[in-house]
Amino acid sequence: EKIGAIEKMLAIIPHHKGTDKLIGSLRAKVAKLKEEKERRPQAQKKTDALYNVKKEGAGQVLCIGFPNSGKSSLVSALSGEPLETGDYPYTTRALQQRMMRYEDILIQLVDTPAIGEEHVHIWFGNMVRKADLVLIVLSLSDALDVEYELVMEDVKKHLTGLEGEHGAIVAVVNKLDLTGYAKHLEEFEGRLGGSVQLMPVSAMNDVNILQLKELIFRALKVVRVYSKLPGKKPDLATPFVLKKGGTLIECAGRIHKDFSEKLRYAKLWRKGKYDGMMVSRDFVLEDKDVIELHI
């Protein structure tokens, strides 16, 4: 926009000795802006890699919290893939992603620089809005309430309706091994009163990690759907993942872009309920349904 405006000025400015200096200055400015424009995509790409993570897997889970809350240790424990950790603040300098296996699907975990770190403003709003689930990681201490309220204050700025479409927030109280603070956890749990799902864990000692995986899956509100070919067994290795409330026709489009238009009819298997029943295009699918599409 700046280049366009200056070039417009250069087109209409009268050329004589009195304007030579101004024209020279404007041309120099255009050259400088064009040089900057050429450099920007590369710089933007580098910034995106550090502060923006593309969604992968069945859902994106953003882990946020204050220094030394144990975010990186938690992501490592959930994914089985080590991240750099330390006893000093701000060990994590950029967004890092790991994949967590839950039964037959992979869920993306994003470890983040601690709140209060210099560059948090670059990624925070965008990633909070984009994530399918926000994991607020707190360290067990006598300041649980204060830490939680401060993090929620930042989160609320970017999520207008926490109980609306997004609404997926889980509070994780890490370092459960610090037993001297047990009464503070009990008090904190009482004050939350079920308004936000809470899971106490110890990433270091592998306490409640499996339970947290289960909670993350449930909080993502997704369903797994398996496909089968006529006369064959269903493919149970690679489910298609839909948001809860997803329909047959949505899943058909996921399997192949042409299927949503060419679908003639479908059969459905649901454990203990349906066995090859014909279903309509707007039939709502549930977790672990098996479908057979006929086009």
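Reference entry: report on the structure contained in this document. (Residues numbered from 1 in each chain as written. Predicted model: local features only at pLDDT ≥ 70, side-chain atom pairs only at ≥ 80, totals over all residues. Heavy atoms only, no water.)

## Quick notes on the overall build of the chain
Assigned secondary structure in the chain consists of 9 helices and 11 strands. Per-residue burial over the chain gives 44% buried out of 295 residues. The long-range share in the chain, meaning contacts at least 24 apart out of those at least 6 apart in sequence, stands at 63%. Just so you have it, the chain exposes about 17000 Å², and 52% of that area is on carbon and sulfur atoms. (Helix = DSSP H or I, 4+ residues; strand = E, 2+ residues; numbered from the N terminus. Buried < 20%, exposed > 50% of the residue type's maximum accessible area, 1.4 Å probe, protein only. Contact = heavy atoms within 4.5 Å. Areas by Shrake-Rupley, 256 points an atom, 1.4 Å probe, with all protein chains shown as cover.)

## What to know about the nonpolar core
I64, I136 and Y148 are the most contacted members of the largest nonpolar core, which totals 31 residues. Counting residues per element, the ones that place at least two in this core are β1 (60–64), α4 (120–130), β4 (133–139), α5 (144–156), β5 (169–174) and α6 (182–192). Counting residues in each nonpolar core, the second largest holds 30 residues, with V75, I209, F217 and L220 among its members. (Core = buried A, V, L, I, M, F, W, Y, C linked by side-chain atoms within 4.5 Å.)

## Remarks on the sheet that holds strand β2 (residues 96–102)
One open sheet holds the 6 strands; their spatial order is β2-β3-β1-β4-β5-β6, and the pairing between them is mixed. At either margin of the open sheet sits one strand with a lone partner, and together these are β2 and β6 (197–200). Strand after strand, the sheet turns through a mean of 25° between neighbouring axes, direction not considered. (Pairing = 2+ DSSP bridges. Axes fitted to C-alpha atoms, helices over the stretch in contact; angles between N-to-C directions.)

## Section: unusual backbone geometry
For N208, which is not glycine, the phi dihedral falls at a positive 65°. Along the chain, N208 falls in the loop between β6 and α7 (209–220). Accessibility expressed as a relative area gives 23% for N208, which makes it partly exposed. Of note, K288 is a non-glycine position whose phi angle comes to about 75°, a positive value. Considering the arrangement of structural elements, one finds K288 in the loop between β10 (274–279) and β11 (289–294). With relative accessibility at 45%, the residue K288 sits in the partly exposed group.

## Notes on the packing of aromatic side chains
Per the stated rule, a full pass over the model turns up 4 aromatic pairs. Here the aromatic rings of Y102 and F217 are separated by 4.6 Å at their centres, their planes lie at 15°, and the arrangement is stacked. Residue Y102 is located in strand β2, and its partner F217 is located in helix α7; the two are separated by 115 residues in the primary sequence. Like F217, Y102 is buried. Plain terms: the ring middles of Y274 and F283 are 6.3 Å apart, the flat faces sit at 70° to each other, and that makes the pair edge-to-face. You can call Y274 partly exposed: its relative accessible area is 23%. On the accessibility criterion, F283 (18% relative accessible area) is buried. (Phe/Tyr/Trp six-rings, centres within 6.5 Å; stacked < 30°, edge-to-face > 60°.)

## Re the environment of G253
Here G253 lies in helix α8 (residues 248–255). The class for G253 is partly exposed, based on a relative accessible area of 29%. On a C-alpha basis, the gap between G253 and L263 in space is 9.6 Å, while along the polypeptide they are 10 residues apart.

These figures capture arrangement, not role.
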